[in-house]
Amino acid sequence: SVGTVPGVRGRDVDALVWVCGKHGNESASGGDMMSLDYDDQSHLIRNADEQRRLFGCSRDGTIFELDFAKKRHKSVMGSGGGGVFCLASLCSRGKCCCSGGKCGGYFAAGCEDGSVRIYRASSGEEGSFPELVSTLPSAGNAILSIAWVAGQSSNDDGGMGGSVLFAGVADGTIRRYDCNTSRVLGAISTGSVLNSSKDSTSVSYRWNSTLRMTVENRGLQEATKVWALAALSDGTVVSGDSLGHVQIWDGMSGTMTQTFDHNESGADVLCLAVSDDENKIFAGGIDPRVQCIQRQCLPPSSSNNQESSPVRKWINAQANRKHTHDVKALAICHKATSQGSNELLVSGSVDTRICMYSAGDFRSSRPKIWYNWPSVSPVSISRKQRVLAVTRDDRVDLYRLEAPPSVNSVTNMRPEARDETKCFLKSLHIKSSFNLVCSTISDDGAFLAVSDASSLYLFSLEFDDENGVIDDVRPSKINLSGKCKQPCTALRFDALGRLICATVDGPIISLQVSPDEVSLEHVFKEHTSGVSASSHHFPVSSLDVSVDGKWLAAGRFASGKGAVHVFTLPTKEGGQYQHWWSVPEMEVPTTSIKFLGRGGAESSLCVGYSSNAFNIFNLESRSLSQWNTDMGFPLVKSLPRELTSRSEPVTRIICNPSFRP
């Protein structure tokens, strides 16, 4: 993963939605995109992606924006309608963004009180919240799912005017709401969405409930739950319900035209996705498989006949079973390549795996599987005390590592199983509303640093040992001043008692730590120049200090220039804090960094990439090492196929500390 938000304790994220956030005519239309070359397309897509913003909701009644740069929820607000179970946006399937018009930044939230509330995304500045612009007529029961189709209004409103919204209700019905447009003189204040124009008139958008579709319940006393909805541009509505049905509806008349059983047991259908050409429907639910329902193709004779357009039936085409547990989420995404854009289907499951399929070739293509390994290691170690620190959501667990039975170097390289209950020392619970972001323990075991999304915490550790075996740890919290307690995204101790902190605001600070006092020694800001404060510019995620304490490297998950920076640190022999080098940009994202050997005249930094390749840089000469030169370019062709062919990217690099490059 390239970005994570640890979140808030006790707040489950029930739904997510993208809002493009573009408020001007800055995007190209589909035809314009095809006329651009690959580099221009990639640049345009990247700019559009950086403007997108991600909103989430929870059944605790909150709506919030996810800030990947600061790893936290921001602009948190109450819905006013109880728990929020679903979100939908006009930008979700790219219809608004690809039209080249202005995006209003609207998204809809389905609430527990039966209302659908429409919000407009704010400017994104600190302290700003989504603006409630309209509340649809209540359905009387909780809204479980929403599908929203943009209108064809001539007003520059991002598709709001004339749009149609479908809501799946807990009483077993699907409601249709139509947005009607009217133009009035002057300003009005009726709770409707207003759009001022040059001729002193305002456009009023009013929502009316126009249709009610009832889902069968097979004689059960409990109403069928409509967990998922999708709406097509031709008026077709697709629903997935608690009886295991995927049903096709005529959204104009409210008539059900076809129904499919997702599984033999009648278990719930939880999620739906629709391909860009609207000829394929994908469904997942309380079943490990992903089902594809495809629209029949028109015969050649009918495709040339403009007068009659025969009804195209849907057929159950294919199913894939790459998960082991329930499929909870489906999404369509695109991957830009030199040959064009590939449409991909992504599925997420309770088994924590993410599978990616080719939407265009779902039947025969083999999906790729990603496992939910943490991109940054939650483990740090004190080599002197042989203590292991493991970061959990709300605490840090400490374990002791017994000395190996022998000193044979070959034996030491073999994995050894340890009983976790016998090695466990203590848990340090952090009293905070936020989940923990990162932690690290000093090499001598004297200090432990922990950070969440709100603050940095520092502890001194005292160990009780008998006969050389640690049996208890006594932590003591060290008070920090305002400048020293900034929340961080990465932490690292060096051998001279300094704590290096990558703060959520961007700068990297160096703290001199002692049991009695913590002082701020230096602030690095050079790596933040030219980097926008957008939440899509991911923060520093990894820090590494060379063994001799002379070099500091900072890396973030990004493919542009400035993904890895190198700094010099003062040592006992001298030196000063200085920004030394920005490692040259590569075509693929950086995933890991590690200093090699014990430092010295030819200090080397190894940088791993998502392509499973890695480069070794000579820091003194600010260039690729001689090893890279000998291996040739591109390096991927010279590396073992067992490494480069793996779907999981390089996330950890380790070397023998006794090795001298």
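Residues numbered from 1 in each chain as written. Predicted model: local features only at pLDDT ≥ 70, side-chain atom pairs only at ≥ 80, totals over all residues. Heavy atoms only, no water.

1. Considering the overall build of the chain
Move 1: Each helix and strand in the chain was counted, giving seven helices and 45 strands.
Move 2: In the chain, which comprises 661 residues, the share counted as buried stands at 49%.
Move 3: Taking the contacts inside the chain whose residues are at least 6 apart along the sequence as the reference set, 54% of them involve residues at least 24 apart.
Move 4: As presented, the chain carries roughly 32200 Å² of accessible surface, and 50% of it is formed by carbon and sulfur atoms. (Helix = DSSP H or I, 4+ residues; strand = E, 2+ residues; numbered from the N terminus. Buried < 20%, exposed > 50% of the residue type's maximum accessible area, 1.4 Å probe, protein only. Contact = heavy atoms within 4.5 Å. Areas by Shrake-Rupley, 256 points an atom, 1.4 Å probe, with all protein chains shown as cover.)

2. Overview of the environment of arginine 321
Move 1: As for its position among the elements, arginine 321 is in the loop between strand S21 (314-320) and strand S22 (327-337).
Move 2: The residues touching arginine 321, leaving out its near neighbours within four places in the chain, are Asp287, Pro288 and Arg289.

3. Regarding the pattern of salt bridges
Move 1: All told, the structure shown has 26 salt bridges when counted by the stated rule.
Move 2: Arginine 321 is paired through a salt bridge with aspartate 287; the nearest N and O atoms lie 3.9 Å apart. With a gap of 34 residues between them, arginine 321 in the loop between S21 and S22 and aspartate 287 in strand S20 (residues 287-295) connect regions that are remote in the sequence.
Move 3: Measuring nitrogen to oxygen at the nearest pair gives 3.2 Å for the salt bridge that ties lysine 550 to glutamate 620. In this pair, lysine 550 sits in the loop between strand S38 (540-545) and strand S39 (551-556) while glutamate 620 sits in the loop between strand S44 (614-618) and strand S45 (623-624), placing the two residues 70 residues apart along the sequence.
Move 4: Glutamate 620 gets classed as partly exposed once you look at its relative accessible area, which sits at 33%.
Move 5: Within the structure, one salt-bridge network assembled from shared partners comprises Arg392, Asp394, Arg395 and Asp397. (Salt bridge = Lys/Arg side-chain N within 4 Å of Asp/Glu carboxyl O.)

4. Looking at the sheet that holds strand S23 (residues 340-349)
Hydrogen bonding along the main chain pairs the strands of a sheet, whether they run parallel or antiparallel.
Move 1: Read across the sheet, four strands follow the order S22-S23-S24-S25 without closing on themselves; strand pairing throughout is antiparallel. Of all the strands in the sheet, just S22 and strand S25 (368-370) have a single pairing partner and so form its edges. Between one strand axis and the next, the sheet turns by 25° as a mean value, whatever way the strands run.
Move 2: One ladder, built from five bridges, connects S23 with strand S24 (residues 354-358); its direction is antiparallel. Residue pairing for S24: leucine 344 is matched across the bridge by serine 358. (Pairing = 2+ DSSP bridges. Axes fitted to C-alpha atoms, helices over the stretch in contact; angles between N-to-C directions.)

5. Structural notes on the sheet that holds strand S37 (residues 518-524)
Move 1: The strand order across the open sheet built from four strands is S34-S35-S36-S37, with neighbouring strands paired in antiparallel fashion. This sheet does not close on itself; its edge strands, each paired only once, are strand S34 (488-493) and S37. With direction set aside, neighbouring strand axes in the sheet form an average angle of 25°.

6. What to know about the nonpolar core
Move 1: Val116, Ile118, Ile143, Ile146, Trp148, Leu165 and Trp207 are the most contacted members of the largest nonpolar core, which has 21 residues in total.
Move 2: Those elements giving two or more residues to this core turn out to be strand S5 (84-89), strand S6 (106-111), strand S7 (116-120), strand S9 (143-149), strand S10 (164-169), strand S11 (173-185) and strand S13 (201-214).
Move 3: In this structure, tryptophan 148 is in contact with Ala88, Ser89, Leu90, Tyr106, Phe107, Ala108, Ile118, Met160, Ser163, Val164, Leu165 and Trp207, ignoring residues within four places of it in sequence.
Move 4: Counting 18 residues, the second largest nonpolar core, distinct from the first, contains Ala449, Leu458, Cys484 and Cys501. (Core = buried A, V, L, I, M, F, W, Y, C linked by side-chain atoms within 4.5 Å.)

7. Remarks on the packing of aromatic side chains
Move 1: Within the structure shown, the criterion is met by 13 aromatic pairs.
Move 2: Centroid distance phenylalanine 524 to phenylalanine 567: 4.4 Å. Interplanar angle 40°. Geometry classified as tilted. Taken together, the residues phenylalanine 524 in strand S37 and phenylalanine 567 in strand S40 (residues 564-568) connect sequence positions 43 residues apart.
Move 3: On the numbers, 5.6 Å between centres and 10° between planes, the contact of phenylalanine 614 with tryptophan 627 is stacked. Placement of phenylalanine 614 in strand S44 and of tryptophan 627 in helix H6 (residues 626-631) is noted, with a sequence separation of 13 residues between them.
Move 4: Here tryptophan 627 falls in the partly exposed class, since its relative accessible area comes to 33%. (Phe/Tyr/Trp six-rings, centres within 6.5 Å; stacked < 30°, edge-to-face > 60°.)

8. A look at the pairing of strand S14 (residues 226-231)
Move 1: With five of six residues buried, S14 lies mostly within the body of the structure.
Move 2: The sheet contact formed by S14 and strand S15 (residues 236-241) spans five bridges and is antiparallel. Directly across from leucine 229, in S15, lies its bridge partner serine 239.

9. Overview of the environment of histidine 527
Move 1: Among the secondary structure elements, histidine 527 is positioned in the loop between S37 and S38.
Move 2: Along the primary structure histidine 527 and tryptophan 581 are separated by 54 residues, whereas in three dimensions their C-alpha atoms are 9.5 Å apart.
Move 3: When residues no more than four places from it in sequence are discounted, the contact partners of histidine 527 are Gly506, Pro507, Ile508, Val540, His565 and Phe567.

10. Things to note about the pairing of S10
Move 1: Within S10, six of the six residues are buried, which leaves the element mostly enclosed by the surrounding structure.
Move 2: The alternating pattern of S10 places Val164, Phe166 and Gly168 on one face and Leu165, Ala167 and Val169 on the opposite face, and all of these are buried.

11. Side note on the side chain of arginine 176
Move 1: Its location among the elements puts arginine 176 in strand S11.
Move 2: Within the local environment of arginine 176, its side chain forms a polar contact with the backbone oxygen of glycine 251, the two atoms lying 2.8 Å apart.
Move 3: Those residues in contact with arginine 176 that sit more than four places away from it in its chain are Val164, Leu165, Phe166, Asn208, Ser209, Thr210, Leu211, Gly251 and Met252. (Polar contact = N/O pair within 3.5 Å; in protein donor to acceptor, adjacent residues only side chain to side chain.)

12. Overview of the environment of histidine 565
Move 1: Tracing the sequence through the fold places histidine 565 in strand S40.
Move 2: Residues histidine 565 and tryptophan 580, 15 residues apart in the sequence, show an inter-C-alpha distance of 7.8 Å.
Move 3: Setting aside residues up to four positions removed in sequence, histidine 565 forms contacts with His527, Leu552, Ala553, Ala554, His579, Trp581 and Ser582.
Move 4: One polar contact links histidine 565 to histidine 579, side chain to side chain, over a distance of 2.9 Å.

13. Here's the deal with the side chain of arginine 11
Move 1: Mapped onto the secondary structure, arginine 11 falls in the segment before strand S1 (15-19).
Move 2: Side-chain polar atoms of arginine 11 contact the side chain of aspartate 60, separated by 3.4 Å.
Move 3: A distance of 3.1 Å separates the side chain of arginine 11 from the side chain of histidine 73, its partner in a polar contact.
Move 4: Not counting residues within four places of it along the chain, the set of residues in contact with arginine 11 comprises Ser58, Asp60, Thr62, Phe64, His73 and Val76.

14. Regarding the confidence of the model for the chain
Move 1: Counting all residues, the mean pLDDT for the chain is 84, and 82% of those residues have values of 70 or more.
Move 2: Averaged over each element, pLDDT in the chain is lowest for helix H1 (residues 30-35) (44) and highest for strand S31 (residues 447-452) (97).
Move 3: Counting interchain partners and residues more than four positions distant, the pLDDT-below-50 stretch residues 23-35 has 23 contacts.
Move 4: The low-confidence segment residues 188-192, where pLDDT is below 50, has nine contacts with residues more than four positions distant or belonging to other chains. (pLDDT = per-residue confidence, 0-100.)

15. Structural notes on unusual backbone geometry
Move 1: Despite not being glycine, arginine 218 shows a phi value in the positive range, around 55°.
Move 2: You can call arginine 218 exposed: its relative accessible area is 53%.
Move 3: Here the phi dihedral of arginine 622 falls at roughly 55°; this positive angle occurs in a residue that is not glycine.
Move 4: Note on arginine 622: relative accessible area 37%, which makes it partly exposed.

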